[in-house]
Structure formats: C-alpha cells, structure tokens
Amino acid sequence: MKRPKRIAKTKERRATALAGIIILQALCALFFIGDIITDFREGGHLDDLHLGLEALAAVVLIWGVIFLMVELRRLQARMGDMDAGLMVARGQMAEVMDRFFDDWNLTEAERDIAIMILKGLDNESIGQVRRTASGTVRAQATSIYSKSDTHGRAQFVSLFMEELMSGDFNAAGAPDDHQPRTTRVSVHKLRAE
Amino acid sequence: MSAPSDDRSSGRTSARDVAVWDPLVRLIHWSLALTILLNGAILEEESNLHEWVGYAAVGLVGIRLIWAIIGPQYARFTAFPPSPARAISYVRSVLSGDKTVHLSHNPLGAIMIYNLWLTVIGIGVTGYMMTTIRFFGIDWVEEAHEMIFNWLILSVALHVAGVAFDSWRSGVNLVRAMVIGRKRVPQGTKLE
C-alpha cells in the first residue's frame, strides 16, 4: 500500500509544479502582450522584425499556457481515477479477506498471520513481528492451510489472486451477484446474509 | 488487524478527505493574496514594482477566469455560479441550522469571489489609467483607484471572516483545504 501512495505523492508534486509553470508562463505572456500593445501605440507595425517576433512569442506562450492547463486537468483526472480505483481495490480486497477468514473460522492470531503471509512475509519474519518462535508460526500457518483447505503457501495465496483476477469487482461494491465457483461456494453463502 | 467492515465502502471511519482545490487554484489564491499584501502594505505606491505587482494580480485573476472555463469540476463557474438567489437561500438555510457542506465555494462565498476578482480588475484598470498620458494626474482616476482599494480591504476582511465562520459552522477547515487542496468532511454531513 506504500507504493501507490508514493506514486500519488509524485503526481501531486508534478501537478503543483505544472501549476506554477502555468502561472509564470501566463504572466510572461501578459508581459509580452503589454509590450506589444505599447509598441503598437508608439507606431510599430507587424512587419517590423522585432515586433513580429514578440507577437509570435506571445501567441506561442498563450498557446503553451492553454496546452499546459489541459495537461494539468488530465493529470488531475488521472489522479482522481487512481484514487478511486485504489480505494475500491483496497476496500473490497480487505472485505473479501475478512469474509474468507470468517468462513474458515480463523482465530485472531491466525488472521494476523494469514494477512502477513499474503503480504509475502516468511515464517521467520512473522515470528519476529509477533514475537513468537518461527516454529509456532509454522504450526499456526499449517492450521490456516488446513482450515482453508489448501496445501501450502502458494495455493493459499492463489485463492486471493483468483479473487483479484476474476474481474467481477464492481465499483458499486455489490459483490452479491457473483456466480459461485467451486472454491467459493461457502463464501457466497456468507455474502448472501 | 481486522476492522469492522461496515465503514470500508466509505473509506475512513470518522471523516473523509475530498480533493477539491487543484494546485493551480491554490497557487493563484495565495499569489493573489500576496500581491494584495505587497501592493497594499509594503511596496512604495509610486514605484515601478507596485505597477508590475498590480499587473501580475490582474494576470492572476485572468488565468483563474480561463481556468474557471476549462478547469476541473470544482474550479469551474458552473460549480459556483454568481447567483444572488442561491446566496440568499444559503443564508436562510444556515440561519435555520442546516449543516450542508459545499465542496466548491458556498453560494455566499461565491458572490465574494466574484466581487474580489472584479475589484482587483477595477484596481488594475484604474492603476493602468494612471500611467497613461491621457489620464495621468486626473483626480477622479486616482480617487477611484483608492476607493476601490478600500473596498478591496473591506472585502478581504469579510472574506476572511466568512471563511472563519463557515469553517466553524460546517466543521470543515477551509484554510487547510486551500493549502493542501482537500476538504476533510465529517462523516454523515450532506454534501453539495
């Protein structure tokens, strides 16, 4: 969960930088326009090279400002999408995990360990986090695998991978109308409650 | 590790952050405040810099006006139309204790925003006139420049008071929102 946050931070910084550039560039454009108006007032003509270049610079600057504004809007929209997507994915995955764990009657300790297994920690690290021997963790992990009817770590993780890849998450957050699959029948009973 | 799943769909349990002010809106806001502070209180009135800062202020308002057409949802004119009727009904609902949170400017605040922009443009125009040969040294232009500036100071004071009041009333820290861009909306409040 840290990495998406960091990406969001970077994007936010980029958006702020973009906004700063827009302001500076717009003010530069204004400066050139003011200068051109003054020059015209003093009897300049567009075919004058100096004035022509200035006019060109002004037009390009204004065009650039508009372009950057559109770009900033896109960046904002992408950030918004990412945020929403993250929340949906995060929230629903947590929900799915909870329901699985409920269904398997995992104890609090086993839930903890199951989450850490899903996060990729090995037994030793989990033992360090929980301040228990890695042998205890191994025993609890075995209990998790047997309760979830899996043969080990890889298969256990793949249960959740399947849930993620099934593609039937919908933004409305109503997973009730999933087609039950063999491994999830009991979970769906739970959902129907 | 396992929290109650009831609040998952709505994000946080007590309050949620809604991104409302994009960086351009925020930068323009604080830059404009800075130009007003500089020209009103710090810079020499007759100085060149005073002129340039003034033009920058008008330029900032100009950028904001363009952004109000092509910018994102909350920055647009459509999010805070200049409607006295809406402002009045907003005042009524506030007086009757309504706690609706407006994600963009609230309708009364919106009127103030338009007032501030027009005022800054007015000061800019009269200020520019004072630099032209045609209007140089003409009393009414100078007087207008100062009158509109006084109006600006009054408006800024009202603006700040309004922000303080609305922050207190709705529980949304509006100053924080204008700094970091997100409004922290207390759970269970109506949004508009």
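On a predicted model such as this, the values are computed, not experimentally measured, just so you know. (Residues numbered from 1 in each chain as written. Chains lettered and ligands numbered in written order. Predicted model: local features only at pLDDT ≥ 70, side-chain atom pairs only at ≥ 80, totals over all residues.)

Topic: the overall build of chain B
Note the following rule: Under the scheme used here, helices are H or I runs from DSSP no shorter than 4 residues and strands are E runs no shorter than 2 residues, and both carry numbers assigned from the N terminus. Burial in this document is a count-based property: other C-beta atoms within 10 Å of a residue's C-beta are tallied, and the residue is buried at 20 or more, exposed at 12 or fewer, or partly exposed in between, with C-beta positions derived from the backbone. Note that contacts rest on C-beta atoms placed from the backbone: two residues are in contact if these are within 7 Å.
Helix and strand counts for chain B come out as six helices and two strands. The 192 residues of chain B split such that 25% are buried. In chain B, of all internal contacts separated by at least 6 residues, the share reaching a separation of at least 24 is 66%.

Thoughts on the packing of helix H1 (residues 23–42) of chain B against helix H2 (residues 48–70) of chain B
Residue and element names in this part refer to chain B. Quick note on the threshold: An axis is simply a line fitted to the C-alpha atoms; with a helix, the fit covers only the stretch in contact. Between two such axes, the angle follows the N-to-C directions and lies from 0 to 180 degrees. Here is the rule for angles: anything less than 35 degrees is roughly parallel, anything more than 145 is roughly antiparallel, 65 through 115 is roughly perpendicular, and the remaining ranges are oblique. Crossing handedness is read from the near helix: turned anticlockwise from the far helix by less than a right angle, it gives a left-handed crossing, and turned clockwise, a right-handed one.
For the pair H1 and H2, the least separation of the axes is 9 Å and the interaxial angle reads 155 degrees. By the angle class used here, H1 and H2 are roughly antiparallel. You can see that H1 and H2 cross each other, and the crossing is left-handed. Touching Leu24, Val25, Ile28, Ser31, Leu32, Thr35, Ile36, Leu38 and Asn39 of H1 are His50, Val53, Gly54, Ala56, Ala57, Leu60, Val61, Ile63, Arg64 and Trp67, all from H2.

As for helix H3 (residues 108–118) of chain A
Along an α-helix, residues three or four positions apart point the same way, because every turn accommodates 3.6 residues. Residues and elements named next belong to chain A. Selection rule: By construction, the arc corresponds to the directions joining the helix axis to the C-beta atoms.
Within the span of H3, buried status applies to Ile113, Ala114 and Ile117. One face of H3 carries all of its buried residues, which in axial projection span an arc of 105 degrees. Looking one or two places after H3, you find Gly120, whose phi comes out positive at around 95 degrees.

Side note on the confidence of the model for chain B
Here is the rule we go by: The predictor attaches a confidence to each residue, and that confidence, scored 0 to 100, is pLDDT.
In this model, chain B carries an average pLDDT of 85, and 90% of its residues clear a pLDDT of 70 or more. Contacts from residues 1–13 of chain B, a stretch scored under 50 in pLDDT, to residues over four places away or in other chains number 17 contacts.

Let's talk about helix H5 (residues 134–147) of chain A
Residue and element names in this part refer to chain A. Note the following rule: Each helix should span, by expectation, one fewer than its residue count multiplied by 1.5 Å.
Look at H5: 20 Å from first C-alpha to last across 14 residues, which is about the 20 Å you get at 1.5 Å a residue. Listed as buried for H5 are Val137, Gln140, Ala141 and Ile144. Angular distribution of buried residues about the axis of H5 spans 105 degrees; they occupy a single face of the element. Turned more than 90 degrees from where H5 packs its buried face, Gly135, Thr142 and Ser146 sit exposed.

What about the environment of Arg153 of chain A?
Examined against the element boundaries, Arg153 of chain A turns out to sit in helix H6 (residues 153–165). With eleven residues separating them in the primary sequence, Arg153 of chain A and Thr142 of chain A have C-alpha atoms 9.1 Å apart.

Remarks on the interface of chain B and chain A
Cut-off, in case you're wondering: Under the convention adopted here, Pro, Cys and the residues Ala, Val, Leu, Ile, Met, Phe, Trp and Tyr are nonpolar, Asp, Glu, Lys and Arg are charged, and Gly plus all remaining residues are polar.
Between chain B and chain A, the contact holds 21 residues from the first and 26 residues from the second. Looking at the side of chain B that touches chain A, the elements with two or more residues in it are H1 and H2 of chain B. The element that contributes the greatest number of residues to the side of chain B that touches chain A is H2 of chain B, accounting for six residues. Residue composition of the side of chain B that touches chain A, grouped by class: twelve nonpolar, seven polar and two charged.

What about unusual backbone geometry?
All names here are of chain A. Phi is positive for Asn105, close to 55 degrees, though the residue is something other than glycine. Take Asn105: there are 8 C-beta atoms within 10 Å of it, and that puts it in the exposed class. Although it is not a glycine, Arg131 sits at a positive phi angle of roughly 55 degrees. In this structure, Arg131 sits in the loop between helix H4 (123–130) and H5.

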